Amino acid sequence: MSTFIDGLSLGAIYALIALGYTMVYGIAKMLNFAHGDIIMVGAYTILTTLELTGNPYLAIAFSIVICTISGVVIEKLAYKPLRGASPLAVLITAIGVSFFLQSIAQLIYGSKSRPITLPDFGKMSIGSQEINVNTVITLVVGGIIMAGLTLFVKKTNTGRAMQAVSEDKGAALLMGVNVNRIIMITFAIGSALAAFASLFYLMQIPSITPTLGSMPGIKAFTAAVIGGIGSIPGAMLGGVLLGLIEKICLSIPAIGPYTTAIEFSLLIIILLVKPIGILGKKIREKV
Amino acid sequence: MALLEVKNLEVFYGMIQAIRGISFEVNEGEIVTLIGANGAGKTTTMQSIMGLIPIKKGTVTYNGQDITKVPGHKIVRMGMTQVPEGRRIFQQLTVYDNLLMGAYTIDDKKKIQQDIDEICTRFEILGERKNQIAGTLSGGEQQMLAMGRAMMSHPKLLMLDEPSMGLSPIFVDKVFDIIKDYHKSGTTILLVEQNAKKALSIADRAYVLETGSISLSGTATDLLNDEAVKKAYLGA
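First, a word on what this report is: a plain description of the structure on this page.

Parameters and conventions
Residues numbered from 1 in each chain as written. Chains lettered and ligands numbered in written order. Predicted model: local features only at pLDDT ≥ 70, side-chain atom pairs only at ≥ 80, totals over all residues. Heavy atoms only, no water. Helix = DSSP H or I, 4+ residues; strand = E, 2+ residues; numbered from the N terminus. Rg over C-alpha atoms; globule rule 2.2 N^0.38 Å. Contact = heavy atoms within 4.5 Å. Areas by Shrake-Rupley, 256 points an atom, 1.4 Å probe, with all protein chains shown as cover. Lys, Arg positive; Asp, Glu negative; His and termini not counted. Charge placed at Lys NZ, Arg CZ, Asp CG, Glu CD. Pairing = 2+ DSSP bridges. Salt bridge = Lys/Arg side-chain N within 4 Å of Asp/Glu carboxyl O. Buried < 20%, exposed > 50% of the residue type's maximum accessible area, 1.4 Å probe, protein only. Axes fitted to C-alpha atoms, helices over the stretch in contact; angles between N-to-C directions. Core = buried A, V, L, I, M, F, W, Y, C linked by side-chain atoms within 4.5 Å. Buried area = accessible area lost by both parts, 1.4 Å probe. Polar contact = N/O pair within 3.5 Å; in protein donor to acceptor, adjacent residues only side chain to side chain. Nonpolar A, V, L, I, M, F, W, Y, C, P; charged D, E, K, R; others polar.

Topic: the overall build of chain B
Move 1: A count of helical and extended segments in chain B gives 10 helices and 10 strands.
Move 2: A compact globule built from 236 residues would reach a C-alpha radius of gyration of about 18 Å, and chain B, at 17 Å, matches this within 12%.
Move 3: Sequence separation of 24 or more characterises 67% of the internal contacts of chain B that already satisfy a separation of 6 or more.
Move 4: Per element, the accessible surface of chain B, about 10300 Å² overall, is 49% carbon and sulfur.
Move 5: Here chain B holds 26 positive side-chain charges and 27 negative ones, and the gap between their average locations is 4 Å.

Rendered as structure tokens:
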């Protein structure tokens, strides 16, 4: 039972990050490999704000702001000039941005890992089980954010425009949609979600390095592909699935050491069996 | 004064010149048609006017304003929109959401609902299938949706790019009836068609496009009776 809750909560973290990958892919048709490093940016922002003010809530708010701005600025400076360029050029640029962010963090904070103390709400008991309150917070807040995002995309004008742009940029433009603005909003939302992910991540593993974003970033990307890249419910499903698998594997001593291998094998299997992912939509080529 | 004036338009795809300095105009209240064979450059002309393809040389003036370099989404707000070739409805959205997308530039929620009701009366089939995913509609129904969607923005000038393409004869007639009807309610129309006979039968004036240049122009009646046009486009 507690393994299950832990898995769901880790899954919520992966899902929040995976949403950033999948939304950007769906709308800008690019893989933003610097997305994981936004988590790192968020983590260091929380650390510094906490050191300066001691107020964890201010730290969280500030980290959301900084992450959102970073996402938008990166899109504007690094990706926007490449619109229409070959996907490979964009991909390599994204990897470059990732190294750039990591190097900046190393220059400012050094490469040693830094501990961070976030508020710990202790444990609560459900039936006979003891569960970290932080885990439950992650699960609940993560769930609320994802429900909110789903509503936003389905019910608002901007959300509908996002769906339209993801399907046909030209047709969306003919409706009067400013496609560049929609892409910018997508980066902003994805990065804000990454800020939440970084907070929840630190609540589980309270130490920060410049490469902190790499592993959760890659795993969330895996989750996005498993769920079907470009699909919002797919990213949520993929994230939760991967989180559950990770925690379940880790809880069994015999297979615990192979957890990461199992997760990435799952990716390979999915790519072999259903390359578009579990909830991926087949793109019908028009004749 | 012309509502839309295209002057010496040149468009390139890489090194290849697709449009070779064409000029034409659409006056307020007219139906003007641009006819021509496959690959003549009709769609390229349409797309470059809306800023979907960059213009190399020449100017596009709408309502007295130079819009050659204005981004397409702003042109829509100025009152000109297009039903693109191949319909390009949003397949994964519902019919209703497609219509809402058409009203993207309109802020008045009440007006939007009224307009949707009106469109659903004009196109009964859309009313019946309001909550259906648009990708499941038939080709003809999708064309109705594409036209209804464009009408939602209340354009002063509506451009239609091959609205009859790939449709059964019944739907072709329907499409042309709708265009005539919509024109009567006060919208200027620029119609691009391969079906020259049909297009000329509802148009006031026409231009014939041939490999990127305008080879003929005149009133629709004149062109209908022109020997060269008859031979090349009307199959007579």
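So, the pairing of strand β4 (residues 57–62) of chain B
Residue and element names in this part refer to chain B.
Move 1: Note: strand β1 (residues 2–13) against β4, five bridges, orientation antiparallel. Within β4, the position partnered with Glu 5 by the bridge is Thr 61.
Move 2: Here β4 pairs with strand β5 (residues 65–66) via two bridges, running antiparallel. From the neighbouring strand, Thr 61 faces β5, where its bridge partner is Asp 66.
Move 3: With antiparallel pairing between neighbouring strands as the criterion, β4 and β5 make up a hairpin whose turn holds two residues, including Asn 63 at a positive phi of roughly 55°.

Considering the pattern of salt bridges
Move 1: Summed over all chains, the structure comprises 13 salt bridges over all chains.
Move 2: For Lys 230 of chain B, the salt bridge identified is with Glu 227 of chain B, shortest N-O distance 3.9 Å. Here Glu 227 of chain B and Lys 230 of chain B lie together in helix α10 (residues 227–233), a separation of three residues that amounts to about one turn.
Move 3: Looking at Glu 227 of chain B, the relative accessible area reads 57%, which means it is exposed.
Move 4: What emerges from the salt-bridge pattern is a single network uniting Lys 219, Glu 246 and Glu 263 of chain A.

Structural notes on the sheet that holds strand β6 (residues 80–83) of chain B
All names here are of chain B.
Move 1: Across the sheet, six strands lie side by side as β6-β7-β8-β3-β9-β10; this open sheet has mixed pairing. With partners counted over all chains shown, the strands left at the sheet margins are β6 and β10 (213–219), one partner each. Sheet twist, expressed as the average angle between the axes of neighbouring strands with direction ignored, equals 15°.
Move 2: Of the strands in this sheet, β3 (31–36), β6, β7 (157–161), β8 (188–193) and β9 (205–210) touch helix α1 (residues 42–49), which is tilted by about 135° from β3.
Move 3: Packed on one face of the sheet, helix α7 (residues 169–184) meets β3, β7 and β8 and runs near 160° to β8.

Details of the nonpolar core
Move 1: Judged by nonpolar contacts, the single largest core of 113 residues is most densely connected at Leu 4 and Met 80 of chain B.
Move 2: Here the element with the most residues in this core is helix α8 (residues 179–204) of chain A; it accounts for 15 residues.
Move 3: Those residues in contact with Leu 4 of chain B, other than ones at most four positions away along the chain, are Phe 24, Glu 25, Val 26, Ile 49, Val 60, Thr 61, Tyr 62, Met 80, Leu 157 and Leu 190 of chain B.
Move 4: Listed in part, the 47 residues of the second largest apolar core include Leu 145, Phe 176, Ile 202 and Ala 206 of chain B.

A few points about the interface of chain B and chain A
A common way to state how big an interface is: give the accessible area lost once the parts meet.
Move 1: Each partner contributes to the interface: chain B provides 23 residues, whereas chain A provides 21 residues.
Move 2: Summed over both partners, the interface of chain B with chain A buries about 2200 Å², with 61% contributed by carbon and sulfur atoms.
Move 3: By the criterion of area lost to chain A, the three top residues of chain B are His 73, Phe 90 and Tyr 104 of chain B, representing 31% of everything that side buries.
Move 4: The residue Arg 88 of chain B makes a salt bridge to Asp 168 of chain A at a minimum N-O spacing of 2.8 Å.
Move 5: At the boundary of chain B with chain A, the tally comes to five residue pairs in polar contact (both at pLDDT 80 or more).
Move 6: For the side of chain B that touches chain A, the secondary structure elements donating two or more residues are α2 (72–77), β6 and α3 (95–102) of chain B.
Move 7: In the side of chain B that touches chain A, the residues fall into 10 nonpolar, nine polar and four charged.

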